[in-house]
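# Analysis of the macromolecular model
Listed here are the chains, written in short residue letters.
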Amino acid sequence: MSSSDFRQIAVRKDSGKAERLFRAAVSAFCSLTRPSRREIGQLEDLTLPLFDNVSVESRRYVAAALSECEYAPTALVRRLCEEPVDIAAPLLIRSRAVSDIDLIALIGRHGLPHARAIARRKDLNPTIADLIRALERPTLVRVREPEANAIAADEIVPLSTETTSDEPAREQALGIAAENARRRLRSMMRTGDEAAATNADPFTGADTYVKLRETALTGNAAFFQTALADALDIDFSTARSLTANQNYASLLAALRSLDLSEDRAFLITVAVYPSQFPHPQAIRTFLDRYRLLHRDVALGRVRDWKAETLSKVVRDAAPANSDSRTASNSDDGAASSGLKASSRK
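Residues numbered from 1 in each chain as written. Predicted model: local features only at pLDDT ≥ 70, side-chain atom pairs only at ≥ 80, totals over all residues. Heavy atoms only, no water.

Named according to an unreviewed UniProt entry, the chain is DUF2336 domain-containing protein originating from Mesorhizobium cantuariense.

Pasting the structure below:
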């Protein structure tokens, strides 16, 4: 299927049953060599509302198809990963749309079934691999502190020289390794959550939300765009472009980068895009997309917008500098001509 086929499927929302539309949309999307952001958002808008109405077989089919897709839509992939492992397994094993933080969260929510599938990933983070091994033998984790310290100081006896009396010590040592893995796991999760909060602008919070909310509710687009530019530290023209689209995908990323709660983000979005929410299902789709959009991804989008702003400044400055050099050269030429004329006199 071509890109035009996918667009036609996206338009025919009411022409067929959810089951056929769900499969056809994903099949058409996977055939695109390099889908655009608009097409990725279009697939999510189309499939997420249908998700609860399709069969297990269709979910399994879509998970297998997207596991091989290089540009799989993140929100749909994360939704599928929350399914039982017999559906989610292809994505857990192969999909590059699932980050290490996502994998950790999935293990925490679903336990060993998801963990065993994740263990089959190539180039799996060693800390996650250690965590999975610890989950496989949970009885090895609880070790009394004095014993743990004593065992950590000694080397584990090689298997060739082990005796029956060494087995408890070996299991306790393995328990220490498992606990260390969990400690590293907690550190990784802090890297994904607390570190992002630490690096956030301390002034981004309630005051920013109130300013965005009040300017959005005025109905004056310029007021809101100015407040958004201030909150994201981008120029006004870039902020204006974020709300000039027909859909709210860019605004969604902007609000997620500010770490607003989903109810606050929805209030702002519905004030800016009132026509996008004609029925409750549209609200649910927004909340699903916002909830599944990782903040690191949103922050990456903001960095791209800032880079575009900087490049525009550089481009705008270049002709001016060139003109000034030309003017300077011509002035120098005129001055030298005058000097020569005066010397001839």
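The structure having been displayed, the exposition proceeds.
The full count for this structure, using the stated rule, is 8 aromatic pairs. Look at Phe 22 and Phe 51: their rings are 6.1 Å apart centre to centre, the planes differ by 80°, and that puts the pair in the edge-to-face class. A residue pair is termed long-range when its members are at least 10 positions apart, and Phe 22 in helix α2 (residues 18–30) and Phe 51 in the loop between α3 (37–47) and α4 (56–67) qualify at 29 residues. Judged by its relative accessible area of 0%, Phe 22 falls in the buried class. (Phe/Tyr/Trp six-rings, centres within 6.5 Å; stacked < 30°, edge-to-face > 60°. Helix = DSSP H or I, 4+ residues; strand = E, 2+ residues; numbered from the N terminus. Buried < 20%, exposed > 50% of the residue type's maximum accessible area, 1.4 Å probe, protein only.)

Counting residues in hydrophobic clusters, the biggest one holds 43 residues, and the most contacted among them are Leu 66, Leu 76, Val 77, Leu 80, Ile 118 and Ile 128. Among the elements of the structure, α2, α3, α4, α5 (74–81), α6 (85–94), α7 (100–110), α8 (112–118) and α9 (126–136) are those that each provide at least two residues to this core. The leading source of residues in this core is α6, at 6 residues. Counting residues in each nonpolar core, the second largest holds 32 residues, with Tyr 209, Ala 216, Leu 252 and Phe 286 among its members. (Core = buried A, V, L, I, M, F, W, Y, C linked by side-chain atoms within 4.5 Å.)

Once that is clear, we can look at the pattern of salt bridges. Applying the stated criterion across every chain, the model contains 18 salt bridges. Across the salt bridge formed by Asp 304 and Arg 37, the nearest N and O atoms sit 3.8 Å from each other. In this pair, Asp 304 is assigned in helix α19 (residues 295–344) and Arg 37 in helix α3, connecting sequence segments 267 residues apart. (Salt bridge = Lys/Arg side-chain N within 4 Å of Asp/Glu carboxyl O.)

Within the secondary structure, Asp 288 is located in helix α18 (residues 280–292). Asp 288 sits in the buried class, given a relative accessible area of 12%. Polar side-chain contacts of Asp 288 include one of 3.3 Å to the side chain of Arg 291. (Polar contact = N/O pair within 3.5 Å; in protein donor to acceptor, adjacent residues only side chain to side chain.)

So, about the packing of α4 against α5. Helices that pack against each other are described as a pair by the angle of their axes relative to one another and the distance between those axes. Where α4 meets α5, the axes come as close as 11 Å, and the angle between the chain directions of the two elements is 125°. As summarised for this structure, α4 and α5 are arranged oblique, according to the angle between their axes. For the element pair α4 and α5, the recorded crossing hand is left-handed. Along the contact surface, α4 presents Arg 59, Val 62, Ala 63 and Leu 66, while α5 presents Leu 76, Val 77 and Leu 80. Among the residues forming the contact of α4 with α5, the class breakdown is 6 nonpolar, no polar and 1 charged. (Axes fitted to C-alpha atoms, helices over the stretch in contact; angles between N-to-C directions. Parallel < 35°, antiparallel > 145°, perpendicular 65-115°, else oblique. Left-handed = near helix turned anticlockwise from the far one by under 90°. Contact = heavy atoms within 4.5 Å. Nonpolar A, V, L, I, M, F, W, Y, C, P; charged D, E, K, R; others polar.)

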